[in-house]
Amino acid sequence: MQAINRQTVGDKFRAYLKHPGSLILFALVMLAALVTFAVLVFLIAYILIRGVPYLTPSLFALEYNSDNVSLVPAVVNTLLMIFMSLLLAVPFGIFAAIYLVEYAKKGNKLVSIVRVTAETLSGIPSIVYGLFGMLFFVTTLKWSYSMLSGAFTLAIMILPLIMRTTEEALLAVPDSYREGSFGLGAGKLRTVFRIVLPSAIPGILAGVILGIGRIVGETAALMYTSGTVAKYAGPMDSGRTLALHMYVLTSEALHVNEASATAVVLLLVVIGINALSSFVAKTLRQKTGA
């Protein structure tokens, strides 16, 4: 086996020597991969080195005050914000994608308009979403600075992402699945919800996880909608999420060390979400046979 591998490597190297352009391209691709990996390792190591020494028990106190600057209320508010935003965005995103893939006729102008609109919304800076949320949800609808205002704003932000990833997941389902279902006498609705959607769940879940990542890391939009009050918040109360909590601590320049420790917790939350999503996606893929 080792001899075969050595022969394969040798053949590839000789092929690269015959084509210098391929060798240069291969070297650039490898360099790009190594630089990307090195930057990721550097960022993680820097955050851990700066933040781990300041992970004190007072930082995990149940109640926030100016002395302990506890992050526990911010963690709870982050979970609430994730739940509310996904509750608003996921149904609309999935059903919109189902219409575009399964029901809309080919060449439909509405489909192209919706896709262009989704791509445009994806490119709008988050601070613009925050300004819109403040003018519409906070001021016009008189919801004031609240978790609900922030959730609606974030739902609009992640809606194009969930819709596009769901659309790609549905397009990846082989047409033979649909044809087999129709051949057995199933209708359109039953085929979509019993055959197509279960097969596309891993891809849909990937879009949802990307949306969660954007919710967890968002600050600009929430500053103008949910507010920065450091307490446990209900839907109509003002509260800060974990990323916003870290930003406020840094901007005040009084608790920079605690902000570094908060960054460690935020990093662990993101890594945990990615690990959990990979596990769930793998499990669902095995169950559906995708």
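Bear in mind that the values here come from a model prediction, so they are computed numbers and not experimental data. (Residues numbered from 1 in each chain as written. Predicted model: local features only at pLDDT ≥ 70, side-chain atom pairs only at ≥ 80, totals over all residues. Heavy atoms only, no water.)

On to the overall build of the protein chain, then. A tally of helices and strands in the protein chain yields eleven helices and zero strands. Going residue by residue from the N terminus, the α and β elements of the protein chain occur as α-α-α-α-α-α-α-α-α-α-α. In terms of overall dimensions, the protein chain is more spread out than a globule: its C-alpha atoms have a radius of gyration of 24 Å, far above the 19 Å expected for 290 residues. Each principal axis of the C-alpha atoms in the protein chain carries an extent, and together these give about 65 × 55 × 35 Å. Across the 290 residues in the protein chain, those meeting the buried criterion constitute 36%. Sequence separation of 24 or more characterises 72% of the internal contacts of the protein chain that already satisfy a separation of 6 or more. Of the accessible surface of the protein chain, which amounts to about 16,600 Å², a share of 71% is contributed by carbon and sulfur atoms. Once the 21 positive and 13 negative side-chain charges of the protein chain are each reduced to a mean point, those two points are 11 Å apart. (Helix = DSSP H or I, 4+ residues; strand = E, 2+ residues; numbered from the N terminus. Rg over C-alpha atoms; globule rule 2.2 N^0.38 Å. Buried < 20%, exposed > 50% of the residue type's maximum accessible area, 1.4 Å probe, protein only. Contact = heavy atoms within 4.5 Å. Areas by Shrake-Rupley, 256 points an atom, 1.4 Å probe, with all protein chains shown as cover. Lys, Arg positive; Asp, Glu negative; His and termini not counted. Charge placed at Lys NZ, Arg CZ, Asp CG, Glu CD.)

Viewed as axis vectors pointing N to C, helix α3 (residues 72–103) and helix α8 (residues 188–217) meet at an angle of 140°, and their least axial separation amounts to 9 Å. Between α3 and α8, the crossing angle belongs to the class labelled oblique. Between α3 and α8 the crossing geometry is right-handed. Here Thr78, Met81, Ile82, Ser85, Leu86, Val90, Ile94, Phe95, Ile98, Glu102 and Tyr103 of α3 come into contact with α8, specifically with Lys188, Leu189, Val192, Phe193, Val196, Leu197, Ile204, Val208, Ile212, Ile215 and Val216. Of the residues contributing to the contact of α3 with α8, the split by class is 18 nonpolar, two polar and two charged. (Axes fitted to C-alpha atoms, helices over the stretch in contact; angles between N-to-C directions. Parallel < 35°, antiparallel > 145°, perpendicular 65-115°, else oblique. Left-handed = near helix turned anticlockwise from the far one by under 90°. Nonpolar A, V, L, I, M, F, W, Y, C, P; charged D, E, K, R; others polar.)

Moving on: the packing of helix α4 (residues 109–122) against helix α6 (residues 147–171). Between α4 and α6, the least distance of the axes is 9 Å, while the angle of their chain directions is 130°. Here α4 is positioned oblique relative to α6, judged by the angle of their axes. The handedness of the crossing between α4 and α6 comes out as left-handed. Residue-level contacts link Val114, Arg115, Ala118, Glu119, Leu121 and Ser122 of α4 to Pro160, Met163, Arg164 and Glu167 of α6. Its residues assigned to classes, the contact of α4 with α6 comprises five nonpolar, one polar and four charged.

Position of Ser260 relative to the elements: it lies in helix α11 (residues 256–288). Sequence-wise, Ser260 and Thr250 are ten residues apart; in three dimensions their C-alpha atoms are separated by 8.6 Å. With residues near it in sequence (within four places) discarded, Ser260 still touches Arg50 and Gly51.

Right, let's get into the nonpolar core. Grouped together as the largest cluster of nonpolar side chains are 55 residues, with contacts concentrated most on Met81, Leu86, Leu154, Leu170, Ile212 and Ile215. Those elements giving two or more residues to this core turn out to be α3, α4, α6, α8, α9 (220–223), α10 (242–252) and α11. Those residues in contact with Leu154, other than ones at most four positions away along the chain, are Met81, Ser85, Ile215, Glu218, Ala221 and Leu222. (Core = buried A, V, L, I, M, F, W, Y, C linked by side-chain atoms within 4.5 Å.)

Moving on to the confidence of the model for the protein chain. For the protein chain, mean pLDDT is 85; residues scoring 70 or higher make up 91% of the total. Across the protein chain, the element-wise mean pLDDT spans from 56 in helix α1 (residues 2–18) up to 93 in helix α5 (residues 126–140). Overall, residues 1–6 carries pLDDT values under 50, and its contacts beyond four positions in sequence, including any with other chains, amount to zero contacts. (pLDDT = per-residue confidence, 0-100.)

Next up on the list: the pattern of salt bridges. Tallied over the full model, the rule gives six salt bridges. One salt bridge connects Arg178 with Glu102, and the closest N-O pair in it is separated by 2.8 Å. Residue Arg178 is located in helix α7 (residues 175–183), and its partner Glu102 is located in helix α3; the two are separated by 76 residues in the primary sequence. Judged on exposure class, the residue Arg178 and its partner Glu102 are both buried. Among the salt bridges present, the one from Arg178 reaches Asp175, with a minimum N-O distance of 3.2 Å. You can see Arg178 and its partner Asp175 sitting in helix α7, three residues apart, about one turn around the helix. (Salt bridge = Lys/Arg side-chain N within 4 Å of Asp/Glu carboxyl O.)

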